[in-house]
Amino acid sequence: MNAASLELDLDVFSGPFDLLLTLVLREEVDLLEVQLAEVVIAYLDHLHARGELDLEVATEFLVLIAALLELKSRMMLPRAEDDPLDLEPGEAAEELLARMLEARRYRRAAEHLSDRLAGEDGVRYRSAALPPALRRTTLADAGAVYDPRRLGTALAGLLRVPAQLNLGHVTVPTITVGERLTHLRKLLLRGGGCSFDEAVRGADRVTVAVTLFALLELYKQGEATWTQDEPFGAIEIAAFQRPARDRVFA
Amino acid sequence: MTELARIVEALLFLSADPVAVEDLAEAADCEAGELAEALAELDRAYAPGERGLQLKRVAGGIALGTDPVAEEAARRLLAKPRTPPLTPAQAETLAIVAYLQPVSRPEITRIRGVSADSASATLLERGFVEEAGRSQFGAVLYRTTDLFLKLFGLDTLKALPSVGEWDPTPEEEADLRDRLLRAGEQRAGATEG
Amino acid sequence: MTELARIVEALLFLSADPVAVEDLAEAADCEAGELAEALAELDRAYAPGERGLQLKRVAGGIALGTDPVAEEAARRLLAKPRTPPLTPAQAETLAIVAYLQPVSRPEITRIRGVSADSASATLLERGFVEEAGRSQFGAVLYRTTDLFLKLFGLDTLKALPSVGEWDPTPEEEADLRDRLLRAGEQRAGATEG
């Protein structure tokens, strides 16, 4: 078994991991649509089922998934037409291969270093302190050997704040928690409950995130509760039933 | 033993770190040629199997170290292992630093595919690597130390085998390429997984 | 030299303090009689004038020490003012202590964005900084020493270069300590991953 033959059952793809890789590299599956977290979960399930950890395979899997994540994050970033990072499928495959070869190279160099350290085993060096008379520069012997400006420049370096990321290309959304609270309350009043997917249908990412905050706020105030059967599963929202009031209105 | 050889032996005994040949000559107030003779004399006196100590060329200098014959007894007397072995993560991180130095932590992480934070912290603590300034993006850069050279029995970084020696063979590379690309295509064509 | 004598020689080499005869025998796993023979063998090897080292019977045990013939050379090699150039980590740590003293180690770490443990240990060992009590949270505080002033040619701490001279983004009102901590936290955030 190697990492490549891990069986996957994802929304956009089902089959072995290496086939997914091939399709992604040939751009027959859009990497943007692949939930890499699901791949990782499938791998963890697989490990759990096997009950043992093959380090060689695990390392290979980590390098592959890290490379895929990096490719995916590059695709998600806005870029110019002639961006040199815009990879052709063939180039992406070569880059992935180069990454795996590089990781393999340093893994072997690491083995060599470990062997070398073990081979030196048995040689010890003396670590006794110097006789007191030889230990430290005395105040009397000390001269001005350092330039105080060295301290000033070091301090200046520490005062420098790193350049802020330019987020100019991101459209600043104006959606507020208050608006989403109103939206959720309206949905809950109408039918007593709804799914989270319904609540954010057609909305952009930021609106989805703000809606989640709004949902947390509703929960905190005791207006709504929700259930989710499994990670990444559907979220069902329900208006919180106050027993006493129910009886009054029933 | 000549007086000069005796003096050099004493200097090596006192120094915690390997001493460069020039520093020995300066301290012993002698010519390079005289020092070379004294070192040759010491080499004879410390020939393998002669003594409990060895004369080692490490980290760009000369140092006295114990002969492995005494390791077991030393462990009993000092009640501590000489140098604990490295974990695989530490060894990989150390290999990347040794070959690519100065190198930043994000770069190490990129090559390994997983974070190197805890491994680099341990390597720093054990004194195998140290900071070497900052990259243009402000990330701390790392390099190996003289202690690394000393404990790994290396005279200089050049004594490390060329990194090309660890390159996968053309067959392995072809095999990897195959598994990445063609294995998938075959699967796509066949029903059997 | 017999193997036992070689082992005993190595043990004496490694020990900073004199070792009791019983401890030597236990570590070398031998009888008292065998050890006495090994010591006699070492005594002959270390007869006066033979080596740069001497085998000494001192309070509580046996120790290796240097022969007086090497004293002058040792002073030249090891007692010369030890003022190697500061590494970037040491310069940053020292600047933080110099400008903010007294300052705690956790604070230095926050400002640098990475640990300053090894740099502060070196600065302490070389006598540039010293401990100055503890903060209200129990962390050790550091301040610079008189040796620091002398090595930097400063009469008093007031003679440190003014911050304004080096300030990349002058900000008169804010406190230096606050600004350093803020910049450090942003740097730590920016260089992760």
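This section reports on the structure supplied with the text. Predicted model, so just to flag it, every value in this text is computed and none were measured.

1. A short note on the overall build of chain B
Then, number 1: A count of helical and extended segments in chain B gives nine helices and five strands.
Then, number 2: Beginning at the N terminus, the succession of helices and strands in chain B can be written as α-α-α-β-β-α-α-β-α-α-β-β-α-α.
Then, number 3: Looking at chain B residue by residue over its 193 residues, the buried ones come to 49%.
Then, number 4: Nonlocal contacts in chain B, meaning residues at least 24 apart in sequence, comprise 50% of its contacts between residues at least 6 apart.
Then, number 5: Per element, the accessible surface of chain B, about 8900 Å² overall, is 51% carbon and sulfur.

2. Things to note about helix α2 (residues 21-28) of chain B
Then, number 1: Considered for burial, the residues of α2 of chain B that qualify are L24, A25, A27 and A28 of chain B. Viewed end-on, α2 of chain B has its buried residues packed into an arc of 165°, placing them on one side of the element. In α2 of chain B, the exposed residues that point more than 90 degrees away from the buried face are E22 and E26 of chain B.
Then, number 2: Buried positions along α2 of chain B lie against α1 (3-14), α3 (32-45) and β2 (61-66) of chain B together with α4 (71-78) of chain C.
Then, number 3: At the exit of α2 of chain B stands D29 of chain B, carrying a positive phi of roughly 55°.

3. With respect to the interface of chain A and chain B
Then, number 1: Facing the 46 residues of chain A at the interface are 59 residues of chain B.
Then, number 2: Note on chain A versus chain B: buried area summed over both sides is about 4900 Å², and carbon and sulfur give 61% of it.
Then, number 3: Linking chain A to chain B there are four salt bridges.
Then, number 4: A salt bridge links R108 of chain A to E172 of chain B, with the nearest nitrogen and oxygen atoms 2.6 Å apart.
Then, number 5: One can count eight residue pairs in polar contact (both at pLDDT 80 or more) joining chain A with chain B.
Then, number 6: Per-element accounting of the side of chain A that touches chain B gives the leading share, 21 residues, to helix α4 (residues 89-119) of chain A.
Then, number 7: Of the residues contributing to the side of chain A that touches chain B, the split by class is 24 nonpolar, six polar and 16 charged.

4. Observations regarding the packing of aromatic side chains
Then, number 1: On inspection of all chains with the given rule, the structure shows eight aromatic pairs over all chains.
Then, number 2: Arranged with centres 5.7 Å apart and planes meeting at 80°, the rings of F128 of chain B and F152 of chain B form a pair that is edge-to-face. Taken together, the residues span a long stretch of sequence, with F128 of chain B in the loop between α7 (117-125) and β4 (129-134) and F152 of chain B in the loop between α8 (146-151) and α9 (170-189) at a distance of 24 residues.
Then, number 3: Three or more aromatic residues joined by ring pairs form one cluster here, namely Y146 of chain A together with F128, F148 and F152 of chain C.
Then, number 4: Geometry around Y46 of chain C places R51 of chain C over its ring, the cationic atom sitting 4.3 Å from the centre.

5. As for the pattern of salt bridges
Then, number 1: Scanning all chains against the criterion turns up 25 salt bridges over all chains.
Then, number 2: One salt bridge connects D167 of chain B with R105 of chain A, and the closest N-O pair in it is separated by 2.5 Å. Of this pair, D167 of chain B sits in the loop between α8 and α9 while R105 of chain A sits in helix α4, placing the two residues on different chains.
Then, number 3: Owing to a relative accessible area of 21%, R105 of chain A belongs among the partly exposed residues under this scheme.
Then, number 4: Measuring nitrogen to oxygen at the nearest pair gives 4.0 Å for the salt bridge that ties E9 of chain C to R51 of chain C. With E9 of chain C in helix α1 (residues 3-14) and R51 of chain C in the loop between α3 (32-45) and β1 (53-58), this pair connects stretches of sequence that are 42 residues apart.
Then, number 5: By relative accessible area, E9 of chain C is classed as buried at 1%.
Then, number 6: Each member of the salt-bridge network shares a partner with another, and the members are E9 and R51 of chain B together with E9 and R51 of chain C.

6. Brief notes about the pairing of strand β5 (residues 140-144) of chain C
Taken residue by residue, a regular strand's side chains alternate between the two faces of the sheet.
All names here are of chain C.
Then, number 1: Of all the five residues making up β5, four are buried; the element is thus mostly covered by neighbouring parts of the structure.
Then, number 2: Across two bridges, the pairing between strand β3 (residues 103-104) and β5 is antiparallel. The residue of β5 that forms the bridge with V103 is Y142.
Then, number 3: As defined by bridge partners, strand β4 (residues 129-134) adjoins β5 across four bridges and the pair is classed as antiparallel. Bridging from a neighbouring strand, E130 pairs with R143 of β5.
Then, number 4: Adjacent in sequence and paired antiparallel, β4 and β5 are bridged by five residues, among which G138 carries a positive phi angle near 90°.

7. Brief notes about the side chain of R104 of chain A
Then, number 1: Take R104 of chain A: it is sitting in helix α4.
Then, number 2: Residue R104 of chain A is classed as buried on the basis of its relative accessible area of 13%.
Then, number 3: Contact partners of R104 of chain A, with chain neighbours within four places excluded, come to E60 of chain A together with P168, E172 and L176 of chain B.

8. A closer look at a negative patch on the surface
Residue and element names in this part refer to chain B.
Then, number 1: On the surface, E22, D23, E26, D29, E31, E34 and E37 cluster together into a negatively charged patch.
Then, number 2: When residues of the negative patch are traced back to their parent elements, those giving at least two are α2 and α3.
Then, number 3: When residues of the negative patch are assigned to their parent elements, the largest contribution, three residues, is made by α2.
Then, number 4: Within the secondary structure, E37 sits in helix α3.

Rules used throughout
Residues numbered from 1 in each chain as written. Chains lettered and ligands numbered in written order. Predicted model: local features only at pLDDT ≥ 70, side-chain atom pairs only at ≥ 80, totals over all residues. Heavy atoms only, no water. Helix = DSSP H or I, 4+ residues; strand = E, 2+ residues; numbered from the N terminus. Buried < 20%, exposed > 50% of the residue type's maximum accessible area, 1.4 Å probe, protein only. Contact = heavy atoms within 4.5 Å. Areas by Shrake-Rupley, 256 points an atom, 1.4 Å probe, with all protein chains shown as cover. Arc of directions from axis to C-beta. Buried area = accessible area lost by both parts, 1.4 Å probe. Salt bridge = Lys/Arg side-chain N within 4 Å of Asp/Glu carboxyl O. Polar contact = N/O pair within 3.5 Å; in protein donor to acceptor, adjacent residues only side chain to side chain. Nonpolar A, V, L, I, M, F, W, Y, C, P; charged D, E, K, R; others polar. Phe/Tyr/Trp six-rings, centres within 6.5 Å; stacked < 30°, edge-to-face > 60°. Lys NZ or Arg CZ within 6 Å of the ring centre and 35° of its normal. Pairing = 2+ DSSP bridges. Patch = residues over 30% accessible without salt bridge, like charges linked within 9 Å, V, L, I, M, F, W, Y side chains within 5 Å. Lys, Arg positive; Asp, Glu negative; His and termini not counted. Charge placed at Lys NZ, Arg CZ, Asp CG, Glu CD.

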